[in-house]
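Below, each chain spelled out in residue letters.
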Amino acid sequence: MLLLRNIQTIFQTETAPLRERVAGADMQVLPSVDDAFLLVENGKILSFGPMTQCPDAPGAQVVDAAGRLLLPTWCDSHTHLVFAASRENEFVDRIHGLTYEQIAQRGGGILNSARRLRDTPEEVLLELAWQRLLEVQRYGTGAIEIKSGYGLSVEGELKMLRVIRALRERTKMPVKATFLGAHALPAEYKTDREGYLRLIEEEMLPRIADEGLADYIDAFCEKNFFSPAETARLIEAGARYGLKAKIHTNQFNCLGGIEVCVERGAVSVDHLEVLTDEEINCLKNSDTLPVLLPSAPFFLNDHYPPARRMLDAGLPLVLASDFNPGSSPSGKMPFVVSLACIKLRMTPEEAVNAATLNGAAAMEISHSHGSIAVGKSANFFLTKPVSSLAFLPYAFGSDVVERVWIAGEEV
Ligand code: NIG
Ligand code: FE
């Protein structure tokens, strides 16, 4: 047993009935308990409440959390954590004036990462990814989704998905795997789009399903990548193998991807730096979650998604890191939360809701993660002594997360 005492405030507390997600104006509310205790047993939250009701827990390990805030760990529902090499050369190219899209068209970008991945052995990829996972864990991440998509061949995609499976076996945090074969058209198929789509449908998907290597299917729905019609076809192909969809769309252009995803019951649509009012309406009448990735437009010096318009329309918002070597070489969720407050004009309460409970919903694990509730997994962090919740996004360069527990164990 583990007993945390004298916690200044526990945030994102829940009592039954538990919510799956929060939307619109409800996102302004972050339930909390001041001067609190939290009791953990067998990796789960046994009870919590005000110190006046703190139980005796003979034999329990006791942590005095005076002056500290306790939050559920971040649920980062969109990452590309498995990659072979960084791409700071392209970062410098962009400083000199090239755009992300121009770099991709010259064979850089995703294809650059695919070449590097092909030449990197599986054990090396695993070790690199494991170090990144340990790093984001120190910043308070306690559940994560990881995509393939730098393989772009049968063997390459399987290699990435096996690395994700190995990560899942090494950690107690939930790890969701997403198959992103349609991340870019590989060079060998430059003149044969149909051939690559059929490779995904006829060779990749059956083998991935056979080995149980993925939970979701993704595609990059964007000009010069995959069209809405191709995305629709891929979502339907994934569905035949039991994979629900989480789709990259509306990063640079509004092409109709949102409608295609909503019509096919996608779990989430991710990026949304550009979004029309019609698309907001379309999302409003659906269960598809909008996932915002503000560190991508930050890093690409591009414009940010219209978060306030979406909240005003009553949508639930999710925040994730998009950790990848091309558009967001950081998986630091506290910085994502800061960006949400500074650039998306979300309040600290809205941003924390988006990065915890709603992040869990975007991985379909909000029954067990994303809040401090009796019976949920004991995934939480303590901050350093701080004055208030708003200090977290305000002190954007400080590492405020001090101690992290996953499934009841300090990491
Ligand atoms: O989410 N936009 C597509 N995929 C990634 C970037 C991948 C890369 O540049 O390597 C993203 O931004
Ligand atoms: Fe991404």
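Predicted model only: the values in this text are computed from it and were never measured.

## Points about the environment of glycine 49
- Among the structural elements, glycine 49 can be located in strand S3 (residues 44-50).
- Considered as a pair, glycine 49 and arginine 165 are 116 residues apart in the sequence and their alpha carbons are 37 Å apart.

## A closer look at the site of ligand 1
- If you check the shell around ligand 1, you find 15 residues, and the closest are Tyr100, Tyr150, Gln251, Asp322 and Ser327.
- Within the contact set of ligand 1, an oxygen atom lies 3.5 Å away from a side-chain nitrogen or oxygen of histidine 80.
- Here a nitrogen atom of ligand 1 sits 2.8 Å away from a polar atom, N or O, in the side chain of histidine 183.
- For the shell around ligand 1, a count of residues per class yields four nonpolar, nine polar and two charged.

## Some words on the coordination of the iron ion (ligand 2)
- Surrounding the iron ion (ligand 2) are the protein donor atoms His78 (NE2), His80 (NE2), His248 (NE2) and Asp322 (OD), which sit 2.1 to 2.2 Å from the metal.
- Mapped onto the sequence, the donors of the iron ion (ligand 2) take the spacing H-x1-H-x167-H-x73-D. One end of the pair, histidine 80, is in the loop between strand S6 (74-76) and helix H1 (88-95); the other, histidine 248, is in strand S10 (residues 244-249), and 168 residues separate them in sequence. Assigned by exposure class, histidine 80 and histidine 248 land together as buried.

## Examining the packing of helix H5 (residues 154-170) against helix H6 (residues 193-210)
- Remark: H5 packs on H6, axes separated minimally by 10 Å, with the N-to-C direction vectors making an angle of 35 degrees. In this structure, H5 crosses over H6, and the sense of that crossing is right-handed. Across from Val154, Glu155, Glu157, Leu158 and Leu161 in H5, the residues of H6 making contact are Leu199, Glu203, Met204, Arg207 and Ile208.
- A per-class count over the contact of H5 with H6 returns six nonpolar, no polar and four charged.

## Regarding the nonpolar core
- The biggest cluster of nonpolar side chains holds 109 residues, and the ones touching the most others in it are Leu71, Val82, Leu167, Phe179, Tyr196, Leu319 and Met346.
- The greatest single-element share of this core, amounting to eight residues, is contributed by H5.
- Taken together, domain 1 (2-73 + 370-410) and domain 2 (75-361) each give at least three residues to this core, which thus spans both.
- Once you skip the residues sitting within four places of it in the chain, leucine 71 turns out to touch Phe11, Val352, Ile372, Phe380, Phe381, Leu389 and Leu392.
- Counting 18 residues, the second-largest nonpolar core is a separate cluster that includes Leu4, Ala36, Leu382 and Trp405.

## Notes on the packing of aromatic side chains
- Following the criterion strictly, the structure yields nine aromatic pairs and no others.
- For the ring pair tryptophan 74 and phenylalanine 381, a centre distance of 5.2 Å and an interplane angle of 45 degrees mean the geometry is tilted. Here tryptophan 74 is found in strand S6, whereas its partner phenylalanine 381 is found in strand S14 (residues 380-383), with 307 residues between them in sequence. Assigned by exposure class, tryptophan 74 and phenylalanine 381 land together as buried.
- Between tyrosine 189 and tyrosine 196, the ring centres sit 5.4 Å apart and the planes meet at 50 degrees, which makes this aromatic pair tilted. Each member of the pair, tyrosine 189 as well as tyrosine 196, carries the same accessibility label: buried.
- Between the NZ or CZ atom of arginine 132 and the centre of the ring of phenylalanine 83, over which it lies, the distance is 3.5 Å.
- Taking NZ or CZ as reference, lysine 246 lies 5.5 Å from the ring centre of tyrosine 216, over its face.

## Some remarks on the domain arrangement of the protein chain
- You can read the domains of the protein chain as domain 1 (2-73 + 370-410) and domain 2 (75-361).
- Between domain 1 and domain 2, the C-alpha centre-to-centre distance is 29 Å.
- Residue-level contacts link 32 residues of domain 1 with 34 residues of domain 2.
- For the pair domain 1 and domain 2, the summed buried area comes to about 2600 Å², and 62% of that belongs to carbon and sulfur atoms.
- Applying the counting rule to domain 1 against domain 2 returns two salt bridges.
- Glutamate 409 serves as the salt-bridge partner of lysine 172, at 2.8 Å between the closest nitrogen and oxygen.

## Quick word on the pattern of salt bridges
- Summed over the entire model, instances satisfying the criterion amount to 24 salt bridges.
- Between glutamate 145 and lysine 147 there is a salt bridge, and its shortest N-O distance comes to 2.7 Å. For the residue pair glutamate 145 and lysine 147, the accessibility class agrees, reading buried in each case.
- Here the salt bridges share partners, and the residues they tie into one network are Glu14, Arg19 and Lys376.

## Regarding unusual backbone geometry
- With omega at 0 degrees, the peptide bond leading from alanine 16 into proline 17 counts as cis.
- Note that proline 17 resides in the loop between strand S1 (2-11) and strand S2 (32-41).
- A positive phi angle is found at asparagine 6, which is not glycine, with a value near 60 degrees.
- Within the secondary structure, asparagine 6 sits in strand S1.
- The residue aspartate 322 is not glycine, and still its phi comes out positive at about 60 degrees.
- Structurally, the position occupied by aspartate 322 is in the loop between strand S13 (318-319) and helix H12 (333-342).
- For aspartate 322, a relative accessible area of 1% gives the class buried.

Cut-offs applied
Residues numbered from 1 in each chain as written. Chains lettered and ligands numbered in written order. Predicted model: local features only at pLDDT ≥ 70, side-chain atom pairs only at ≥ 80, totals over all residues. Heavy atoms only, no water. Helix = DSSP H or I, 4+ residues; strand = E, 2+ residues; numbered from the N terminus. Near = heavy atom within 4 Å. Polar contact = N/O pair within 3.5 Å; in protein donor to acceptor, adjacent residues only side chain to side chain. Nonpolar A, V, L, I, M, F, W, Y, C, P; charged D, E, K, R; others polar. Donors = N, O, S within 2.8 Å, 3.2 Å for Na, K, Ca; no water. Buried < 20%, exposed > 50% of the residue type's maximum accessible area, 1.4 Å probe, protein only. Axes fitted to C-alpha atoms, helices over the stretch in contact; angles between N-to-C directions. Left-handed = near helix turned anticlockwise from the far one by under 90°. Contact = heavy atoms within 4.5 Å. Core = buried A, V, L, I, M, F, W, Y, C linked by side-chain atoms within 4.5 Å. Domains from an automatic or database assignment. Phe/Tyr/Trp six-rings, centres within 6.5 Å; stacked < 30°, edge-to-face > 60°. Lys NZ or Arg CZ within 6 Å of the ring centre and 35° of its normal. Buried area = accessible area lost by both parts, 1.4 Å probe. Salt bridge = Lys/Arg side-chain N within 4 Å of Asp/Glu carboxyl O.

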